Amino acid sequence: MIEVKDLRKVFPTKERDFVALKGVNLVFEPGEFIAVLGESGSGKTTFLNMISGVDVKTSGKIIFNEEDADKFNDSKWREIRNQEIGFIFQRFNLIDHLTVMENIILPLILTGSDSIIAKDIAKRLLVEVGLEGLEDKLAKELSGGQRQRVAIARTIIINPTIILADEPTGALDSTTAKDILALLQRFAAGRIIIMVTHDEDLAYKNATRVVRLHDGEVINDEIIKERNSMTRDTTNKLLTYETKVTKRLKKRLTKQFPEIKDELVVGETAHVPLERKYIANNPKFTGMIARKNFKQKIKINRRILSSFVISIALLMVVNIVLRNIADYNFNLFDVNYDYEQYLVKDYDNEGTIISTLEQTDNVDEVSEYYELYVQEMYLVYIDEFVGIDSTVSTINKGVFSPKLVSLPEKEKNFYLNSQILVGDYPNADNQVLVSSEFLLTRFYQYSMDASLNTEGLTGINNLNDFVYRNLYMCGETIITDEEAALTTTNIEDSCYQFVISGVINSFYKGVDYTGNIFVPIEGFESYVTHLEVDKDFTRVHEYYDKQIAFYLSDFEKGISINELSDTLDATVYNIELREYNETSTLKEMLDYIYIAIFVSLIIISGTIDINIVISSVVSRTREIGIYSCIGVSKKSIRNMFVFETLEIAIRILIINTIIYGGIALLFRLMYKNIVVDLSGLANIFGVNEMFSFQIIFSIATILVAILFLFISVLIPSFKAANMRAIDALRSE
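What you see is a predicted model, and the numbers here were worked out from it, not measured in a lab.

Draft legend 1. Summary view of the overall build of the protein chain. Within the protein chain one finds 22 helices and 24 strands. When burial is assessed residue by residue, the protein chain has 51% of its 732 residues classed as buried. Pairs at least 24 residues apart make up 80% of the contacts formed inside the protein chain by residues separated by at least 6 positions. Surface summary for the protein chain: the accessible area is close to 34,100 Å², and the carbon and sulfur share equals 51%.

Draft legend 2. View of a negative patch on the surface. Among the surface-exposed residues, Asp334, Glu340, Asp554 and Glu556 lie close enough to one another that they form a single negatively charged patch. Mapped onto the fold, glutamate 340 is located in the loop between α11 (298-336) and β13 (342-345).

Draft legend 3. Looking closely at the pattern of salt bridges. For the coordinates displayed, the defined rule picks out 23 salt bridges. A salt bridge links lysine 557 to aspartate 361; its shortest N-O distance comes to 3.5 Å. Of this pair, lysine 557 sits in the loop between β23 (544-552) and α16 (561-568) while aspartate 361 sits in the loop between α12 (350-358) and β14 (363-373), placing them 196 residues apart in sequence. Each member of the pair, lysine 557 as well as aspartate 361, is classed as exposed. Residues glutamate 368 and lysine 546 are paired through a salt bridge, measuring 3.3 Å at the closest nitrogen-oxygen approach.

Draft legend 4. Fine view of unusual backbone geometry. At aspartate 6, a position not held by glycine, the phi torsion is positive, near 50°. Its identity as a non-glycine residue notwithstanding, asparagine 159 has a phi of 50°, on the positive side. Relative to the elements of secondary structure, asparagine 159 occurs in the loop between α5 (144-156) and β7 (162-166).

Draft legend 5. Up close: the sheet that holds strand β8 (residues 192-196). Pairing within the open sheet is mixed, and its 6 strands lie in the order β6-β7-β8-β3-β9-β10. Looking at strand neighbours, the two that pair on one side only are β6 (85-89) and β10 (217-223), the edges of this open sheet. With direction set aside, neighbouring strand axes in the sheet form an average angle of 15°. Both β6 and β7 contribute to a ladder of 5 bridges, which runs parallel.

Draft legend 6. The arrangement of the packing of aromatic side chains in detail. Using the criterion set out here, one finds 20 aromatic pairs in the structure. Taking the centre distance of 5.2 Å and the plane angle of 15° together, the rings of tyrosine 342 and phenylalanine 550 count as stacked. Taken as a pair, tyrosine 342 in strand β13 and phenylalanine 550 in strand β23 lie far apart in primary sequence, 208 residues in all. Of the two residues, tyrosine 342 and phenylalanine 550, both sit in the buried class. Members of the aromatic cluster, each reached through a chain of ring pairs, are Phe333, Tyr337, Tyr339, Phe555 and Tyr580. Its guanidinium or amino end placed over the ring of phenylalanine 11, lysine 9 lies 5.1 Å from that ring's centre, counting from NZ or CZ. One cation-aromatic arrangement involves lysine 345 over tyrosine 573; the distance from NZ or CZ to the ring centre is 4.9 Å.

Draft legend 7. Molecular detail of the pairing of β6. Among the 5 residues that make up β6, 5 are buried, leaving the element largely enclosed by the rest of the structure. Burial along β6 is two-sided: the residues Ile85, Phe87 and Phe89 and Gly86 and Ile88 are all buried.

Draft legend 8. Just helix α9 (residues 247-256), in detail. Listing the buried residues of α9 in full gives Leu249, Leu253 and Thr254. Here the buried residues of α9 occupy an arc of 125° about the axis, which is enough to place them on one side. Away from its buried face by more than 90 degrees, α9 exposes Lys247, Arg248, Lys251 and Lys255.

Draft legend 9. Fine view of the packing of helix α3 (residues 100-110) against helix α4 (residues 115-128). Running from N to C, α3 and α4 point in directions that differ by 125°, and their axes come no closer than 9 Å. When the interaxial angle is binned, α3 and α4 end up oblique. Along this stretch, α3 crosses α4, giving a crossing that reads as right-handed. Contacts between α3 and α4 involve Val100, Met101, Ile104, Ile105, Leu108 and Ile109 on the former and, on the latter, Ser115, Ala118, Lys119, Ala122, Lys123 and Leu126. Tallied by class, the residues present in the contact of α3 with α4 amount to 9 nonpolar, 1 polar and 2 charged.

Draft legend 10. Focus on the environment of isoleucine 575. Examined against the element boundaries, isoleucine 575 turns out to sit in the loop between β24 (571-573) and α17 (577-619). Judged by relative accessible area, isoleucine 575 falls into the exposed class, the value being 63%.

Draft legend 11. Looking closely at a nonpolar patch on the surface. A cluster of nonpolar residues, Leu646, Ile650, Leu653, Ile654 and Ile658, forms a patch on the protein surface that exposes about 460 Å² of accessible area. Tracing the backbone shows isoleucine 650 in helix α19 (residues 634-674). Overall, the relative accessible area of 43% leaves isoleucine 650 in the partly exposed class.

Draft legend 12. Here's a closer look at helix α1 (residues 44-52). Of all 9 residues that make up α1, 8 are buried, and the element is covered over most of its length. Inspection of α1 places Lys44, Thr46, Phe47, Leu48, Asn49, Met50, Ile51 and Ser52 among the buried residues, and these make up the whole buried set. Downstream of α1 by a residue or two, glycine 53 has a phi angle that is positive, lying close to 80°.

Draft legend 13. Representation of the nonpolar core within the structure. Among the nonpolar cores identified, the biggest contains 119 residues, and Leu106, Ile157, Phe285, Phe518, Tyr627 and Ile652 are the most heavily contacted of them. No other element matches the 12 residues that α19 contributes to this core. Ignoring sequence-local partners within four residues, the contact set of isoleucine 157 consists of Ile104, Ile105, Leu108, Ala118, Ile121, Ala122, Leu125 and Leu239. Membership of the second largest hydrophobic core comes to 33 residues, among which are Phe28, Ile51, Leu164 and Val211.

Draft legend 14. A look at the environment of tyrosine 241. Mapped onto the elements, tyrosine 241 comes out in strand β11 (residues 240-244). Judged by relative accessible area, which is 11%, tyrosine 241 ranks as buried. Apart from the residues within four sequence positions on either side, tyrosine 241 is in contact with Ile117, Arg124, Leu249, Ala270, His271, Val272, Pro273, Leu274 and Glu275.

Draft legend 15. Looking closely at the sheet that holds strand β1 (residues 2-11). Spatial ordering of the open sheet is given by β2-β1-β4-β5, a layout of 4 strands whose pairing is antiparallel. Because the sheet does not close on itself, it has two edges, and the strands there are β2 (18-28) and β5 (67-68). Looking at chain direction, β1 and β2 are connected through 7 bridges and run antiparallel. In the sheet register, lysine 9 faces β2, and the bridge partner there is leucine 21. Here α1 sits on the sheet in contact with β1, β2 and β4 (59-64), set at roughly 120° to β1.

Draft legend 16. Geometry of the confidence of the model for the protein chain. Across the protein chain, pLDDT averages 81, with 86% of residues at or above 70. Long-range and interchain partners of residues 379-397, a stretch whose pLDDT sits below 50, account for 57 contacts in this model, where long-range means more than four residues apart. Within the model, the stretch residues 446-457 combines pLDDT values under 50 with 23 contacts to residues more than four positions away or in other chains.

Criteria and cut-off values
- Residues numbered from 1 in each chain as written.
- Predicted model: local features only at pLDDT ≥ 70, side-chain atom pairs only at ≥ 80, totals over all residues.
- Heavy atoms only, no water.
- Helix = DSSP H or I, 4+ residues; strand = E, 2+ residues; numbered from the N terminus.
- Buried < 20%, exposed > 50% of the residue type's maximum accessible area, 1.4 Å probe, protein only.
- Contact = heavy atoms within 4.5 Å.
- Areas by Shrake-Rupley, 256 points an atom, 1.4 Å probe, with all protein chains shown as cover.
- Patch = residues over 30% accessible without salt bridge, like charges linked within 9 Å, V, L, I, M, F, W, Y side chains within 5 Å.
- Salt bridge = Lys/Arg side-chain N within 4 Å of Asp/Glu carboxyl O.
- Lys, Arg positive; Asp, Glu negative; His and termini not counted.
- Charge placed at Lys NZ, Arg CZ, Asp CG, Glu CD.
- Pairing = 2+ DSSP bridges.
- Axes fitted to C-alpha atoms, helices over the stretch in contact; angles between N-to-C directions.
- Phe/Tyr/Trp six-rings, centres within 6.5 Å; stacked < 30°, edge-to-face > 60°.
- Lys NZ or Arg CZ within 6 Å of the ring centre and 35° of its normal.
- Arc of directions from axis to C-beta.
- Parallel < 35°, antiparallel > 145°, perpendicular 65-115°, else oblique.
- Left-handed = near helix turned anticlockwise from the far one by under 90°.
- Nonpolar A, V, L, I, M, F, W, Y, C, P; charged D, E, K, R; others polar.
- Core = buried A, V, L, I, M, F, W, Y, C linked by side-chain atoms within 4.5 Å.
- pLDDT = per-residue confidence, 0-100.

Shown next as structure tokens:
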């Protein structure tokens, strides 16, 4: 039952308020077929909108099934429209890109009903409305009469208490109009049908009651026929399905349909009504509509997809290229310059200098620092050794006069610590670190060429095999014609024995430490003693430089070189410090450039996409009104756009991941051949390429772009979802 008391509706305008309904009082009972007549602007459609909750009254009362509608919020009205009220419109209001079957079962899918059963019932309804066999046709491919029949089937499938028909024959020819009214008559029993029409002939031939409105007031209300039957036998039978009754099913059905309790016998087969339960946010329904919408707007969605894919791909290309080139150069600076090391020279008392530095704030380590060029050396393998042979063709070139350099006492202060490929930092006085290029240049053929190994011995297969091998340094002039044939017996007497504890990476171009042999201070001093005392070499002190080195606890905090020089009465210097500061500044500038490029591309592509998305949402406004009429919640409407956007986001993720992989692998290949000095020994000795795939940045870029896409969708979709159904339906 529906009762309206003193119902008023006023539309405010700039000039004056327009009163659409003026104190309407009406009561409608089941079995009535009410035709509402009146001229345009008399308030007929407004009246339907008030009693269905698609528009809000100004004042008065609406009693719906003995409940005061003032207690209904928007969500409750949507539930009622899904369970109790069916709509039939002049413009049909079907979802054009859905099939006939999909349009009909929409209200049932929303309630979580079994889709197979829903389709079976829909097929029976299609027979009833004369559209058998057209279930797979798109709604936009139907004629006007066929579209209205689908609308009726969509209405009847929820077995509504009330059917609201707003000019259902207004867009049809007279013959089709009569057929549509006949269909309404077939389903009129047991429910209230309120039909707005201009056609008095159709009204008086089909209605049981005629209400006439004029300027928002009821000027006539007459009963012209007896009411229809109070039961919906025809509809109830159509909307059942055959199944075996279980205890659980009987319990659920009895709760929803208490009138059929006696007809349900556990264990027997029966025709039972389809269970329905309103679900405000049904992900199954939302996902289905989102997928259909995505396909229907495939051209627009492809434009959005391509825009984001291109912008993201550009960002990743720019980033991976610039970052790796920049990082390569910055890394070369890091490994070529020991800029954290401060040196002291021109001093008189070494002990005083060291003592003063050790007590100076922010100084972490103070030690002696030595450098010495070495002429001859040998690597011994079991009982064989090989010396320098500059005529031998080797893979890497450039190491002919190695330089012995003392190491800091603390491993963390060694500027190449991160470049140790194999082995460890020296922990004994006679251990040394050497570069990979040094080993390959000096000893490659000894290690790999069987002709230079004794029979039965195995050559070195990778850099790990060099670790803990003996390295003999023999000074400048000990190799004479008589002593040329050194043996394992006299080499120990003639040369100083070092042990290789680790190998430093030098496989890439641009490094200048390949000829350095790094040794602890004690080992360096022992070697000098060996030359001076054991070998009785003269003028040894002229062959090496000695200074005092110190490192800071907090390098970024720094120290005043001028003040410290005055305090020590010596020269304190760090020739790489200025270049380090310039390099750091350049690195910061590049970071800002990356951010600027990133933001610019996102804004450019995002602005385009927001406009595309807004256009897409606006084009679906009428559909949003239709969904509201069948009870779809605001949240579900928003989620339709979110789910559809998720379809795009997944494609963005997949496509850009593939593009990123291709870009990364291609640039890595170019990087290997152009920037990194990869010899044919890469598969044997391994390479630290210094190549960064920028995975975190790429993931962040894709995720930020997707987030931006979702934001661009959510803003217009929230606005659209909050539209009143009546406003959405009027959008076209």
